[in-house]
Amino acid sequence: MRLDGVGRRYGVRGPWVLREVRLDVPAGALLRIEGANGSGKSTLLRLLAGIDRPSTGRITGRPRSAYVPERFPGALPFTAAGYLTHLARIRGLRGPEAGRRATEWLERFGAAGHARTPMAELSKGTSQKVAVAQALLAEPALLVLDEAWTGLDHGAREVLDRAVAERVADGGTVVFVDHDPRRLAGAADAHYRVDDGRLLPRDTHLPTADPGTATGPRVTIEAEGPPGSAPPAGTDQALAGAPPLPAVTRSAPGPDGTTLLTVPAAHSDAVLRALLTARPPWHIRAVTTAPGADGADGPADTGAHDTAEHPTAAPTPTPAPAPDEAPLP
Ligand SMILES: Nc1ncnc2c1ncn2[C@@H]1O[C@H](COP(=O)(O)OP(=O)(O)OP(=O)(O)O)[C@@H](O)[C@H]1O
């Protein structure tokens with residue numbers, strides 16, 4: 001999908017909220033939109049989702065889209081399951097499949113007990129689970145999330161993190177706004193900022209280390225996987241071409257499933273992607289700056305865990321390009 005010279009204002013004489021927006025929305029990518037309150041983020045997301053039209057400019061190549069609005073109109077004349085089944089049918093799911101998918105998403109979000117509750121009687125959090133589920137159930141090619149994590153409990157936020165990773169791994173595109181800068185930290189392929197009506201690319205890449213040396217900025221990733229298991233093989237592929245110890249270290253998996261991975265900053269996005277798209281996906285607890293391998297760069301290591309560090313498995317001989325290094329189509 002592509003936006004060319006897109007502008008939006010409310011009312012013929014209203015101020016331009018967005019001006020001259022040009023954006024390529026590639027398949028299989030995670031895009032983050034940032035900006036101050038009232039800068040026009042929600043306006044942009046509504047245009048991307050196709051529920052609003054630009055006042056000027058063109059949007060072409062729109063894929064099958066789904067949208068979680070900032071404010072979900074909860075008081076609808078359905079039960080939770082009835083609403084999701086209805087939406088699944090509108091999105092093209094046929095027969096019992098629509099109801100099955102509705103039940104499956106309510107279960108994933110821990111809201112199966114509210115399947116028969118009228119929407120108007122749902123708590124704010126459960127209503128938000130339904131808002132998110134309606135967007136996920138038909139596996140859209142473009143998923144647009146406007147503060148979709150707000151109001152969800154911890155478990156549901158993790159389910160949504162994983163669903164986002166699944167969509168991207170399946171070749172879909174996810175565009176999101178979230179007030180928490182740690183949301184999907186390091187996983188976005190591109191960051192943009194809405195500023196004075198313009199959409200500006202924000203540098204997405206952490207400072208690059210020289211791949212030929214063991215020095216340079218590093219990032220510590222605290223990730224949680226199945227208890228006792230080592231990080232998925234994809235992380236080793238993501239580190240192909242990275243210098244070995246001391247640039248790359250990995251703690252032994254803790255009994256709670258937590259592992260600390262310290263990697264060159266240039267490889268961190270690819271490692272995060274590998275963790276989030278593993279099956280089952282890993283949960284990213286924190287991403288912090290670590291000192292360079294020579295100890296010269298950045299603040300002190302997190303020190304959150306007392307860990308025995310050891311090198312990761314040897315890199316694969318043929319370096320694969322990190323997804324974040326590929327040019328956006
Ligand atoms: N339907 C509307 N009618 C008139 N003005 C609107 C409408 N929707 C948004 N605006 C105005 O457009 C501007 C941008 O609003 P928008 O909600 O897109 O910003 P935002 O960056 O998402 O804000 P926030 O971070 O507070 O959610 C604001 O000045 C807002 O008042």
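Residues numbered from 1 in each chain as written. Predicted model: local features only at pLDDT ≥ 70, side-chain atom pairs only at ≥ 80, totals over all residues.

A. Spotlight on the site of the ligand. Surrounding the ligand, one finds Tyr10, Val17, Gly35, Asn37, Gly38, Ser39, Gly40, Lys41, Ser42, Thr43 and Glu70. It is helix α1 (residues 41-49) that provides the largest number of residues to the shell around the ligand, a total of three residues. Residue composition of the shell around the ligand, by class: two nonpolar, seven polar and two charged. (Near = placed C-beta within 6 Å. Helix = DSSP H or I, 4+ residues; strand = E, 2+ residues; numbered from the N terminus. Nonpolar A, V, L, I, M, F, W, Y, C, P; charged D, E, K, R; others polar.)

B. Here's a closer look at the sheet that holds strand β5 (residues 65-68). Taken together, the six strands give an open sheet; going across it, the order is β5-β6-β7-β3-β8-β9, and neighbouring strands pair in mixed fashion. Looking at strand neighbours, the two that pair on one side only are β5 and β9 (198-202), the edges of this open sheet. Averaged over all adjacent pairs, the angle separating strand axes in this sheet is 20 degrees, with direction ignored. Pairing between strand β3 (residues 30-35) and strand β7 (residues 173-177): three bridges, direction parallel. Opposite Leu30, over in β7, you have Val174 as the bridge partner. In this fold helix α4 (residues 124-136) packs onto β5 and β6 (142-146), with an angle of close to 170 degrees to the strand it touches most, β5. The strands touched by helix α5 (residues 154-169) are β3, β6 and β7; relative to β7, the strand with the most contacts, the crossing angle is about 145 degrees. (Pairing = 2+ DSSP bridges. Axes fitted to C-alpha atoms, helices over the stretch in contact; angles between N-to-C directions. Contact = placed C-beta atoms within 7 Å.)

C. Region of the structure containing the nonpolar core. Leu84 and Val271 are the most contacted members of the largest nonpolar core, which has 87 residues in total. In terms of residue count, helix α7 (residues 265-276) provides more of this core than any other element does, eight residues in total. Mapped onto the domain boundaries, this core takes at least three residues apiece from domain 1 (2-202) and domain 2 (218-319). (Core = buried A, V, L, I, M, F, W, Y, C linked by C-beta atoms within 7 Å. Buried ≥ 20, exposed ≤ 12 C-beta atoms within 10 Å, placed from the backbone. Domains from an automatic or database assignment.)

D. Focus on the packing of helix α2 (residues 80-90) against helix α3 (residues 96-108). Contact geometry of α2 with α3 gives a least axis separation of 8 Å together with a crossing angle of 130 degrees. Here α2 lies oblique to α3, going by the angle between them. Where α2 crosses over α3, the handedness of that crossing is right-handed. Where α2 abuts α3, its residues Ala80, Ala81, Leu84, Thr85, Ala88 and Arg89 lie against Ala98, Gly99, Arg101, Ala102, Thr103, Trp105 and Leu106. Grouping the constituent residues of the contact of α2 with α3 by class yields eight nonpolar, three polar and two charged. (Parallel < 35°, antiparallel > 145°, perpendicular 65-115°, else oblique. Left-handed = near helix turned anticlockwise from the far one by under 90°.)

E. Region of the structure containing α3. In a regular helix each residue adds 1.5 Å, so 13 residues correspond to 18 Å; α3 covers 18 Å between its end C-alpha atoms and thus fits that length. When α3 is considered as a whole, its buried residues turn out to be Ala98, Arg101, Ala102, Trp105 and Leu106. For α3, the buried positions fall inside an angular range of 135 degrees around the axis, keeping them on one side. Each element contacted by the buried residues of α3 is listed here: α2 and α4. Downstream of α3 by one or two residues, Gly110 has phi in the positive range, about 70 degrees. (Expected span 1.5 Å × (residues − 1). Arc of directions from axis to C-beta.)

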